[in-house]
Amino acid sequence: MLENITISPKGGLSGTIHIPGDKSISHRSVMFAALASTPVVIKNFLYAEDCLSTVSCMRALGAKIEKDASNNLHVLGNGLHGLQEPPNIMDAGNSGTTLRLLSGILVGQPFFSVLTGDASLRSRPMARVVTPLTKMGGKISGRQDTRYIPMAIMPSEKIEGIEYNMPMASAQVKSAILLATLFASSPSIVTEPYISRDHTELMLETFGVKIKRQGTSVGVSPIADLQAPAEIDVPGDISSAAFWLVGASIIPNSHLTLKNVGINPTRTGILDILRQMGANITIENERFSGAEPVADLVVKSAELKGVTIEGPIIPRLIDEIPVLAVAALFANGQTTIRDAEELRVKETDRLKAVASELGKMGAIITETKDGLTINGRQKLQFAKCCSYHDHRMAMSLAIAGAASNGVEINQPDCANISYPNFFTTLDTIRA
Ligand code: S3P
């Protein structure tokens, strides 16, 4: 394990990067394939710690999952009603998506299971999934009045569909309810304040499930079995591409081509905001990978200006806010981020972490209740910064350091949670 990494300033970013598989889609591909009864080959699966947590949980539930010599993941499940009682506690590691989506699947099972995770996940709120799943008839019991994991999920007599207004936009909560409904006795309709990522809906449709959408509502009905596609090709993760989109925009003399990036409209808030800031990004070779739109992105350095980021766009770029804060430091004028209180319950409190760590580099950033105010055109100095073991913090700090006077990041290995080759890629494109 690496204690620290030092990123020195070196000049522009140039070359071509094949963006690793989308984390959200990789989780769903292996979970849903494990609920089917025919074999599924997953291409471009993200072999990062979070998705490997999902693989180990689905194996514990009885699915056969093997990686081949070409890095394809082969999954063979036992059908929608074929999961088996896991012989031990299941560990979701650092992964909120694994934990919350699995909770939805597990409430509908005729067996006992227990879920836990690492220190970060053990401090993240679970009531958001426990409340609707319990209303559906699920029997869940966890630490501190079932607000935190570890939590145990007991077999329940009956799971019923629900009409549920979610208090926050969250794809994890929405997905947990949709998945529980597959095992229920009646349909569900879930309504969000704003639309969150819709990978669950798109992939369930690929597995033969009918999804009804209206405005910010999604409806699904129980089903006897899934009809799996023979193959799933996972698009590159726009949340991983985001570090290069920002890096190449703010570091002079940069020119990068990012290959095979997912451009699902529920995820492209980063493109909209960077373009609004004046970034030079072109979208080429638009195509589909299954139900998911993908493209190649070309990004060149540009002069950026500050913007306001708030409202319905927030769920469309929620994971990119730390690196957008870095972009804002190099822009002309002020950037204001509002309505982003969800960042307080991510892998770490990202509003606090961004303000404190970029602050150590000399940035003037004001942390507000639900966002950040960032002055542009700031002179940053070398500093020793903390990743808080948060992958997106570590990578955002690396971009800030590469664009200024360098940075030392502690616990940089946490990048492996979503982007195992991040630091070697950074070296390659600066060579
Ligand atoms: C995710 C949903 C989002 C996102 C997370 C992945 C998913 O979380 O921040 O990184 O795969 O469904 P919330 O559902 O908590 O908003």
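All figures in this text were calculated on a predicted structure; none of them were measured in a lab.

1. Some points on the site of the ligand
Residues in close proximity to the ligand include Ser24, Arg28, Thr97, Ala169, Ser170, Ala171, Gln172, Arg197, Ile318, Asp319 and Lys346, which together make up its full environment. Measuring from an oxygen atom of the ligand, one finds a side-chain N or O atom of Ser24 at 2.7 Å. Between the ligand and Asp319 there is a distance of 2.7 Å, counted from an oxygen atom to a side-chain nitrogen or oxygen. In the complex, the protein chains occlude 94% of the 390 Å² of accessible area that the ligand would expose alone. More than half of the atoms belonging to the ligand lie within 2 Å of the grid points that define the largest pocket. Every element with two or more residues in the shell around the ligand is listed here: helix H1 (23-34) and helix H6 (171-182). The residues that make up the shell around the ligand include at least three from each of domain 1 (4-21 + 235-429) and domain 2 (23-233).

2. Topic: helix H3 (residues 96-106)
Most of H3 is tucked away, with eleven of its eleven residues classed as buried. Within the span of H3, buried status applies to Gly96, Thr97, Thr98, Leu99, Arg100, Leu101, Leu102, Ser103, Gly104, Ile105 and Leu106.

3. Quick notes on the domain arrangement of the chain
When its domains are assigned, the chain resolves into domain 1 (4-21 + 235-429) and domain 2 (23-233). Here the C-alpha centroids of domain 1 and domain 2 sit 28 Å apart. Facing the 29 residues of domain 1 at the interface are 26 residues of domain 2. The contact between domain 1 and domain 2 buries some 2300 Å² in all, and 49% of this surface belongs to carbon and sulfur atoms. As a salt-bridge pair, Glu347 and Arg124 come within 4.0 Å of each other at their nearest N and O atoms. At the boundary of domain 1 with domain 2, the tally comes to 13 residue pairs in polar contact (both at pLDDT 80 or more). When the residues that make up the side of domain 1 that touches domain 2 are grouped by side-chain class, the tally is eleven nonpolar, ten polar and eight charged.

4. Regarding the packing of aromatic side chains
Throughout the structure, instances matching the rule amount to seven aromatic pairs. With a centroid separation of 5.2 Å and an interplanar angle of 65 degrees, the aromatic rings of Phe45 and Tyr47 are classed as edge-to-face. Taking relative accessible area as the criterion, Phe45 reaches 4% and is therefore assigned buried. Ring geometry for Trp244 versus Phe422: centroids 4.8 Å apart, planes at 15 degrees, classification stacked. Taken together, the residues Trp244 in helix H8 (residues 238-250) and Phe422 in helix H13 (residues 422-429) connect sequence positions 178 residues apart.

5. Here's the deal with the packing of helix H4 (residues 127-135) against H6
At a minimum axis separation of 9 Å, H4 and H6 run at an interaxial angle of 25 degrees. Classed by the angle they form, the pair H4 and H6 counts as roughly parallel. Here H4 and H6 pass one another in a crossing that is right-handed. Across from Arg128, Val129, Pro132 and Leu133 in H4, the residues of H6 making contact are Gln172, Val173, Ala176, Ile177 and Ala180. Here the contact of H4 with H6 is composed, by residue class, of seven nonpolar, one polar and one charged.

6. Let's talk about empty space enclosed by the protein
For the structure on display, the rule yields two cavities of 30 Å³ or more. Its volume calculated, the largest cavity comes out at about 40 Å³. Around the largest cavity, the lining residues are Asp22, Ile25, His199, Pro235, Gly236, Ile238, Gly262, Ile263, Asn264, Arg267 and Glu292. Here the lining of the largest cavity is composed, by residue class, of four nonpolar, four polar and three charged. Taken as a whole, the second largest cavity spans an internal volume of roughly 30 Å³. Every residue lining the second largest cavity is listed: Pro322, Val326, Val354, Leu358, Met393, Ser396 and Leu397. Considered class by class, the residues forming the lining of the second largest cavity number six nonpolar, one polar and no charged.

Calculation notes
- Residues numbered from 1 in each chain as written.
- Predicted model: local features only at pLDDT ≥ 70, side-chain atom pairs only at ≥ 80, totals over all residues.
- Heavy atoms only, no water.
- Near = heavy atom within 4 Å.
- Polar contact = N/O pair within 3.5 Å; in protein donor to acceptor, adjacent residues only side chain to side chain.
- Areas by Shrake-Rupley, 256 points an atom, 1.4 Å probe, with all protein chains shown as cover.
- 1 Å grid on protein atoms, 1.4 Å probe; cavity = no way out; pocket = protein on both sides within 12 Å on 5 of 7 lines; lining within 4 Å.
- Sits in = over half its atoms within 2 Å of the grid points.
- Helix = DSSP H or I, 4+ residues; strand = E, 2+ residues; numbered from the N terminus.
- Domains from an automatic or database assignment.
- Buried < 20%, exposed > 50% of the residue type's maximum accessible area, 1.4 Å probe, protein only.
- Contact = heavy atoms within 4.5 Å.
- Buried area = accessible area lost by both parts, 1.4 Å probe.
- Salt bridge = Lys/Arg side-chain N within 4 Å of Asp/Glu carboxyl O.
- Nonpolar A, V, L, I, M, F, W, Y, C, P; charged D, E, K, R; others polar.
- Phe/Tyr/Trp six-rings, centres within 6.5 Å; stacked < 30°, edge-to-face > 60°.
- Axes fitted to C-alpha atoms, helices over the stretch in contact; angles between N-to-C directions.
- Parallel < 35°, antiparallel > 145°, perpendicular 65-115°, else oblique.
- Left-handed = near helix turned anticlockwise from the far one by under 90°.
- Points joined across faces, edges and corners; volume = space filled by probe spheres on them.

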